[in-house]
Amino acid sequence: LAVGPLKGKRILVTSGPTHEPIDPVRYIANRSSGAQGTAIAAALVHLGADVVFVTGPADIAPPAGVEVVKVQSAREMMAAVQRVLPVDAAVFAAAVADWHVENARASKMKKTKDGMPDLKFAENPDILATVCASVKRPRLVVGFAAETDDVVANATAKRLRKGCDWILANDVSPETGIMGGSENAVSFVTEEGAQAWPRMSKTEVAKKLAGLIAQTLNS
Ligand code: C5P
């Protein structure tokens, strides 16, 4: 590929966990570090893309050279993503919470006065599926699947259900050390089938993915 094969291409990357508020000081979250999404955004910038990085609260810094949009909850992430479209390609690496607390409180819950919390949950919007079904669907949409069982079968079904082009599926069973770790073992799932990538650093996964995105957007 030539230097800067993604020059002039606008690419959205979502990353990190979401925080779903319970009250002004408490929230529900997940163990996503944002490492894979951050590495992907950096790799895309390296190939010359204009990257919009929509991130939930993550401890690691966003990569240099991206436009950063910080959000907390899944619903905020959905709204931010809709403002960013249209883009040429989108990578959904965020670990979006499936539910939010429907009866979140406007003021801090008190142990003495309020007793045990009675949290009611409601579904969050599926950002990836919504974007895939939208009239502004990017030409190339990439999703992730974090699974603990039947990784390829679940990812294959997920690709069809969500309507995305590619899925990077990984086994996040605790013994793999992938969630929060620096390495990833990915199955790359497309219309053509599943391809097992060797275990490699999240940086290498990002470079490989960015290369494939560049090939596709230039074909
Ligand atoms: O359904 P599941 O969470 O396993 O799907 C994972 C993929 O869908 C990831 O790419 C994730 O970023 C995306 N997703 C999303 N919005 C949600 C849930 C998942 O964009 N509410």
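Structure shown above.
Just so we're clear, the structure is a prediction, and the values are computed from it rather than from any experiment. (Residues numbered from 1 in each chain as written. Predicted model: local features only at pLDDT ≥ 70, side-chain atom pairs only at ≥ 80, totals over all residues.)

**Considering the sheet that holds strand S6 (residues 89-92)**
- In space, the 8 strands of this open sheet follow the order S5-S4-S1-S6-S9-S10-S12-S13, with mixed pairing throughout. Each having just a single partner strand, strand S5 (67-70) and strand S13 (193-196) make up the two edges of the open sheet. Shown here is a sheet whose adjacent strand axes are inclined to one another by a mean of 15 degrees, direction ignored.
- Of the strand pairs in this sheet, strand S4 (residues 50-55) and S5 are connected by 4 bridges, and their pairing is parallel. Note that in S5 the partner of Val54 across the bridge is Val69.
- Contacting strand S1 (10-15), S4 and S5, helix H2 (residues 74-84) runs over the sheet at an angle of about 165 degrees to S4. (Pairing = 2+ DSSP bridges. Helix = DSSP H or I, 4+ residues; strand = E, 2+ residues; numbered from the N terminus. Axes fitted to C-alpha atoms, helices over the stretch in contact; angles between N-to-C directions. Contact = placed C-beta atoms within 7 Å.)

**Comments concerning the nonpolar core**
- One finds Val13, Ile40, Leu44 and Val51 to be the most contacted residues of the largest nonpolar core, which totals 61 residues.
- Ignoring sequence-local partners within four residues, the contact set of Ile40 consists of Val13, Val91, Ala93, Ala206, Leu209 and Ala210. (Core = buried A, V, L, I, M, F, W, Y, C linked by C-beta atoms within 7 Å. Buried ≥ 20, exposed ≤ 12 C-beta atoms within 10 Å, placed from the backbone.)

**A look at the environment of Val96**
- Summarising the element assignment, Val96 is placed in the loop between S6 and strand S7 (99-101).
- Expressed as a C-alpha distance, the spacing of Val96 and Ser33, which sit 63 residues apart in the sequence, is 12 Å.

**Some remarks on the site of the ligand**
- Inspection of the region around the ligand gives 14 residues, with Phe92, Val96, Ile127, Leu128 and Gly143 positioned closest.
- Counting residues per element, the ones that place at least two in the shell around the ligand are helix H4 (127-132) and strand S9 (140-147).
- Of the residues forming the shell around the ligand, the biggest block, 3 residues, is contributed by S9.
- Of the residues in the shell around the ligand, the class split is 9 nonpolar, 3 polar and 2 charged. (Near = placed C-beta within 6 Å. Nonpolar A, V, L, I, M, F, W, Y, C, P; charged D, E, K, R; others polar.)

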